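Reading the structure
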Amino acid sequence: MAMKLRAEKKMRKHLIEQLKARKVLGARIAQGFKSAQDLQKLNLAPQVFMYKNMFSGQVLYSQTPGYHQDQIDEQFVRPNWENRKPSRRNDMWRIMCVVNFASYEYAVAAYEGLVQLRKVRDTMSRAEAKQTRKLNEDGNIWYYGQYRPTYSQEAVADLAHVIEEFELENTTAMWESLWRKGEEEHWRQDLVQHDVLPLTNPRFETVMLDELREKALHAFAQERELSQNTELVEGRPTDNVDITEGLPV
Amino acid sequence: MISARRAILVSARTLQRTKPLRFADPKKIRLREPIVPTHKNFDVSPDHPLWAFFRDGNKTETVLRSKDDLSTDSRPWDMPELRLKSFDDLHRLWYLNALERNRISTEAEVAKEIYNGDVSLFTKLDDNHLMTQKRIKQTLLERQVAYERAQLSSPEEYLQLFEDKYINADESAIAEYNEKLVRLQYAIFGIEPDLSEYNLEEDINVKFVEGLSYVAKLKLGRYLASNPGALELPLNGVMEELPFLVRDPEVAVEEVRAMREEGVSRKLDNIEVFAFLRNAIEAVRSEPEELAEEEN
């Protein structure tokens, strides 16, 4: 074995670190949790994006029109042979549903609620979750190849659960196919409206999502203006207080 | 300023809410059952083209037929049957077979689950359709070979041969020869079998005139063989030849005789021929309508 100089070894170590640093782990905007203020600062709309995995049927939630390895690590906490940690491959994930909320607080709450429900399903109430699933003859989650349809169905159920539990009114769910939303009885009609995502070539999915974001942002700004005007007319006490007093200009 | 005011407004609204925006205790969460997708959420157009892949179209209740409904005694089309069919018919038949095979394979896929993988019945049905398709290809191949062979021999030679056969044919075989003649005049001279299908501008050309002479020579030749001396030869150009194309030989001979007696029959100049033929065919075409009007 040829001897290596110390400089060579150092260089090699340096290069490996560089390679690791350069590794793409997903959309940078999707990295990390976004509070309501963060969303506003990043010019994002109060939305939650649900991506389905075409290979395994699992669903990934995101606050942004993109996803990151960190989200996968966070949302698939206890992988096993039936519920493997999905790959980040961007040809595997397709948008399943875009949910527009009435406010940023709602969007953040819904995202947190969905992630929490996923964790509960995978950890605390594992047995309970399994009871409601369709099983095959061997008593495992029904599958075909590697595809387990139950995961996306659970995600839809969780969305309905969150909206109803927190009473997130004026919500619009835009589905890739209305087929997925299931029977009407699962949804609170006074809280949610359903719509279809525009038909898009999957190649331009990101463009479509960005347009939806812009649209939602615009709609939200309009609504905010409207509600502010009404509150000013009503002369609520909040408007009489100058809350900017003492703040640096 | 707006964002700060907005924050207060929102927090005021949040205070009004009775429900908190988080799960109180994760341990007390009652998970919901998975929501199964359903087709009731959208309408499928009743004339969606994909319905063609189901046996009863949009009325289809089940993909799988019962075993009694399968036509187990069916058979593929035979070569002699297929040889009688035109290209258009074969083309249609090919796609009907393809469609049926598609339906059968769908059924077989479902049957695999239900009959424990025993789909021999469907395989047998499918084989029939496959055999039909192979035979259609074989028929077309035969036609192509015949066509290519015909290209090699000169048409004059063949026409002479056919003329001899036609004139000397038995009375029993003449019907078959007449049919053959119709095909021949279409194949070599482009003369349509049916008068109504003529495009007067395009179909009346030099080839047509040649064919007309040939057909008249054949029919008259055969007529004269049984009735020698019925008409003086030769025929005087297209004016006397046309009746043999559009009428029976007996009627045509009568017509030619009448024309000769009246003295209207003459040999047309080349420049007059097409115009004459167009007018004459147009007149013959409108004959049945005039007859019908007279009857009324």
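The structure under discussion appears in the preceding block.
Residues numbered from 1 in each chain as written. Chains lettered and ligands numbered in written order. Predicted model: local features only at pLDDT ≥ 70, side-chain atom pairs only at ≥ 80, totals over all residues. Heavy atoms only, no water.

What follows deals with the pairing of strand S4 (residues 171–175) of chain A. Residues and elements named next belong to chain A. Of all 5 residues making up S4, 4 are buried, and the element is well covered by its neighbours. The pairing of strand S3 (residues 93–100) with S4 spans 4 bridges and is antiparallel. The residue of S4 that forms the bridge with Val 99 is Ala 173. The pairing of S4 with strand S5 (residues 192–196) spans 5 bridges and is parallel. Along S5, the bridge assignment pairs Ala 173 with His 194. (Buried < 20%, exposed > 50% of the residue type's maximum accessible area, 1.4 Å probe, protein only. Helix = DSSP H or I, 4+ residues; strand = E, 2+ residues; numbered from the N terminus. Pairing = 2+ DSSP bridges.)

So, about the packing of helix H5 (residues 155–167) of chain B against helix H6 (residues 174–189) of chain B. Residues and elements named next belong to chain B. The contact between H5 and H6 brings their axes to 11 Å, and the two run at 160 degrees. Between H5 and H6, the interaxial angle falls into the category roughly antiparallel. Relative to H6, the crossing made by H5 is left-handed. Facing Tyr 158, Leu 159, Phe 162, Lys 165 and Tyr 166 of H5, the residues of H6 in contact are Ile 174, Tyr 177, Asn 178, Lys 180, Leu 181, Leu 184, Ile 188 and Phe 189. In terms of residue class, the contact of H5 with H6 is built from 10 nonpolar, 1 polar and 2 charged. (Axes fitted to C-alpha atoms, helices over the stretch in contact; angles between N-to-C directions. Parallel < 35°, antiparallel > 145°, perpendicular 65-115°, else oblique. Left-handed = near helix turned anticlockwise from the far one by under 90°. Contact = heavy atoms within 4.5 Å. Nonpolar A, V, L, I, M, F, W, Y, C, P; charged D, E, K, R; others polar.)

A surface patch of nonpolar side chains, amounting to about 270 Å² of accessible area, comprises A:Trp179, B:Phe42 and B:Val44. Note on B:Phe42: relative accessible area 35%, which makes it partly exposed. (Patch = residues over 30% accessible without salt bridge, like charges linked within 9 Å, V, L, I, M, F, W, Y side chains within 5 Å. Areas by Shrake-Rupley, 256 points an atom, 1.4 Å probe, with all protein chains shown as cover. Salt bridge = Lys/Arg side-chain N within 4 Å of Asp/Glu carboxyl O.)

What follows deals with the interface of chain A and chain B. The interface is formed by 47 residues belonging to chain A together with 31 residues belonging to chain B. With both sides pooled, the region where chain A packs onto chain B buries about 3,800 Å², and carbon together with sulfur makes up 63% of that total. Here chain A and chain B share 2 salt bridges between them. B:Arg32 is the salt-bridge partner of A:Glu164, the closest N and O atoms lying 3.1 Å from each other. At the boundary of chain A and chain B, one finds 8 residue pairs in polar contact (both at pLDDT 80 or more). When residues of the side of chain A that touches chain B are traced back to their parent elements, those giving at least two are helix H4 (104–122), helix H5 (126–131), helix H6 (150–166), helix H7 (205–234) and helix H8 (237–240) of chain A. Considering every element that reaches the side of chain A that touches chain B, the biggest residue donor is H6(A), with 11 residues. Its residues assigned to classes, the side of chain A that touches chain B comprises 18 nonpolar, 14 polar and 15 charged. (Buried area = accessible area lost by both parts, 1.4 Å probe. Polar contact = N/O pair within 3.5 Å; in protein donor to acceptor, adjacent residues only side chain to side chain.)

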